[in-house]
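# An overview of the molecular structure
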Protein chains: 2
Amino acid sequence: MPKAIVLLSGGLDSATCLAYAKVRGFELYALTFSYGQRHQSELAASRRIAQHFQVTEQKIVEMNYLSELRGSSLTDKGQSIPRPNQTNQIPSTYVPARNTIFLSHALAWAEVLQCQHIFIGCSQVDYSGYPDCRKPFIETFNILANQATKLASEGFPIQIHAPLIDKSKAETIELGHELGVDYKMTVSCYQANEQGLACGQCESCYLRQKGFQEANLTDETRYHH
Amino acid sequence: MPKAIVLLSGGLDSATCLAYAKVRGFELYALTFSYGQRHQSELAASRRIAQHFQVTEQKIVEMNYLSELRGSSLTDKGQSIPRPNQTNQIPSTYVPARNTIFLSHALAWAEVLQCQHIFIGCSQVDYSGYPDCRKPFIETFNILANQATKLASEGFPIQIHAPLIDKSKAETIELGHELGVDYKMTVSCYQANEQGLACGQCESCYLRQKGFQEANLTDETRYHH
């Protein structure tokens, strides 16, 4: 079985992405980051999901750097989480260079594992406008991956897979539903509490609710008020 | 003064790069990584250099991830440091995805600082064949930086500067010499001891010695045998 590293946050998209890679026949390696995100229950969710899908290994990388930078309302408790975005502006929940950093870490592990496949569950449809969730970013990172690494230089090119990139949240949920993903395991809310209960008010909650409605499926997410 | 983030290892190239950015009129922010490299005296060197060039701030990022991966003889003491490379193969001192990871961290800090300039002191001339030291890699990362970030999306493009990319080691040393870099402050050796004394036998020592010889300048590096 070819190996795949899957970026696994503990949210809905990355869980779907993991299930997708599994059904495609990859041996799974999950890469998760603890970067001072408010919703630490996301990490517990990632562990449950990794276990459920029987990944060969999950690495949880401690990354204080991103929280110390205080560049995002997602990592800086001095800022509040905004309501769903009504503008064209990139919201304060954007974490500087997050996906570039995450993918670059995946690249290093890929070299050590001799793994040519990296999966990321980002989408440019029902999303918050984060620039590092768009197709051109993924495509350029793929070019970079093959210029940057010993693995590719030695004849083993690397492929960045973003299977959800053009899917709406509803389409992602439908896919995951077909693949048997139990979305109870996942946490989307930007300010979920320690038990994983959601706020119901942030953009991430909004996109999730909208996705389940459009997919005509029931979400068992519980809310703390 | 425009701001610049300079990747600063404590070696000869990055010290030259810092001096170059300073003379070009940038306000300096130095970014250094502690990633389990054998030559920890490199970190002490980076502090001396940062202080000497009066950087506004130096961040030293703790990154255990790269050492835990054990993907390089530079971070894994179970492997020995090879003699200078006589082949076309990428030597074991290559650290998986190192420059991609370092530049991605610089990108995050750049967004927080609203800084549009990132300097990296890599060269594709007298080097060890590391793929992430070559011009196409730098060019692609520059494209990526502008696709990936909020800063660029909001009209502030980012420029990756690699002023040494086409310089031989001798040319770099000549440039630094003109700029008044005191190379005594720098550590190149892959296995320098705690006092910063060099082995004189690794590829990095070899390239440094060759560079000083070709530049017809005296290197005051001290060796431990």
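All names here are of chain A. Relative to the helices and strands, Thr-172 resides in helix H7 (residues 169-178). Residue Thr-172 is classed as buried on the basis of its C-beta count, with 25 C-beta atoms lying within 10 Å. Along the primary structure Thr-172 and Ser-123 are separated by 49 residues, whereas in three dimensions their C-alpha atoms are 9.2 Å apart. Once residues within four sequence positions are removed from consideration, Thr-172 is found in contact with Leu-12, Asp-13, Thr-16, Ser-123, Leu-164, Lys-167 and Gly-211.

As a further point, take the interface of chain B and chain A. Contact residues are listed per partner, giving 32 residues for chain B and 32 residues for chain A. Elements supplying a minimum of two residues to the side of chain B that touches chain A: helix H3 (64-68), helix H4 (98-113), helix H5 (135-148) and helix H6 (150-153) of chain B. For the side of chain B that touches chain A, the element with the most residues is H4 of chain B, which contributes 10 residues. Its residues assigned to classes, the side of chain B that touches chain A comprises 20 nonpolar, nine polar and three charged.

The next subject is the relation of the copies chain B and chain A. Its rotation angle being 180°, the transformation that places chain B on chain A also includes 0.0 Å of axial translation and leaves an RMSD of 0.0 Å. Read as a symmetry element, the transformation amounts to a two-fold axis. Closest approach to the rotation axis among the C-alpha atoms of chain B is made by Ile-101 of chain B, whose C-alpha sits 3.1 Å away.

Residues and elements named next belong to chain B. A sheet is described by the order of its strands in space; here five strands give the open sequence E3-E2-E1-E4-E5, paired in parallel fashion. Every other strand in the sheet has two partners, leaving strand E3 (57-62) and strand E5 (159-161) as the edge strands with one partner each. Neighbour-to-neighbour, the strand axes of this sheet turn through a mean angle of 25°, independent of strand direction. In this sheet, strand E2 (residues 27-34) lies alongside strand E1 (residues 3-7) in parallel orientation, the contact comprising five bridges.

Residue and element names in this part refer to chain A. Although it is not a glycine, Ala-97 sits at a positive phi angle of roughly 55°. Along the polypeptide, Ala-97 turns up in the loop between helix H3 (64-69) and helix H4 (98-113). Accessibility expressed as a C-beta count within 10 Å gives 30 for Ala-97, which makes it buried. Positive phi is not limited to glycine here, since Gln-114 has a value of about 55°. Positionally, Gln-114 belongs in the loop between H4 and strand E4 (117-119).

So, about the nonpolar core. In this structure, Val-6 of chain A together with Val-6 of chain B are the most contacted members of the largest nonpolar core, which totals 132 residues. Ignoring sequence-local partners within four residues, the contact set of Val-6 of chain A consists of Ser-14, Cys-17, Leu-18, Ala-21, Leu-28, Ala-30 and Phe-119 of chain A.

The next subject is the sheet that holds E4 of chain A. Residue and element names in this part refer to chain A. What the five strands build is an open sheet, ordered E3-E2-E1-E4-E5; its pairing is parallel. Each end of this open sheet is capped by a strand with a single partner; those strands are strand E3 (57-62) and strand E5 (159-161). Averaged over neighbouring strand pairs, the angle between their axes works out to 25° when direction is ignored. Here E4 runs beside E5; their pairing, made up of three bridges, is parallel. Paired with His-117 across the two strands is Gln-159, which belongs to E5. Lying over the sheet, H4 contacts strand E1 (3-7), strand E2 (27-34), E3 and E4, oriented at roughly 160° with respect to E1.

If you want to describe how two helices pack, look at the angle between their axes and the distance between the axes. The contact between helix H5 (residues 135-148) of chain A and H5 of chain B brings their axes to 9 Å, and the two run at 160°. When the axis of H5 of chain A is compared with that of H5 of chain B, the two are roughly antiparallel. For the crossing formed where H5 of chain A meets H5 of chain B, the hand is left-handed. The residues of H5 of chain B that touch H5 of chain A, namely those facing Pro-136, Phe-137, Thr-140, Phe-141, Ile-143, Leu-144, Gln-147 and Ala-148 of chain A, are Pro-136, Phe-137, Thr-140, Phe-141, Ile-143, Leu-144, Gln-147 and Ala-148 of chain B. Grouping the amino acids of the contact of H5 of chain A with H5 of chain B by side-chain chemistry returns 12 nonpolar, four polar and no charged.

The next subject is the pairing of E1 of chain B. Residues and elements named next belong to chain B. Across the five residues of E1, four count as buried, placing the element largely inside the fold. For the segment spanning E1, helix H1 (residues 12-23) and E2, crossover handedness is right-handed. Pairing of E1 with strand E4 (residues 117-119) involves two bridges; the strand directions are parallel. Of the residues in E4, the one forming a bridge with Ile-5 is Ile-118.

Analysis parameters
Residues numbered from 1 in each chain as written. Chains lettered and ligands numbered in written order. Predicted model: local features only at pLDDT ≥ 70, side-chain atom pairs only at ≥ 80, totals over all residues. Helix = DSSP H or I, 4+ residues; strand = E, 2+ residues; numbered from the N terminus. Buried ≥ 20, exposed ≤ 12 C-beta atoms within 10 Å, placed from the backbone. Contact = placed C-beta atoms within 7 Å. Nonpolar A, V, L, I, M, F, W, Y, C, P; charged D, E, K, R; others polar. Least-squares fit on C-alpha atoms with pLDDT ≥ 70 in both. Pairing = 2+ DSSP bridges. Axes fitted to C-alpha atoms, helices over the stretch in contact; angles between N-to-C directions. Core = buried A, V, L, I, M, F, W, Y, C linked by C-beta atoms within 7 Å. Parallel < 35°, antiparallel > 145°, perpendicular 65-115°, else oblique. Left-handed = near helix turned anticlockwise from the far one by under 90°. Right-handed = clockwise from strand over helix to strand, strands pointing away.

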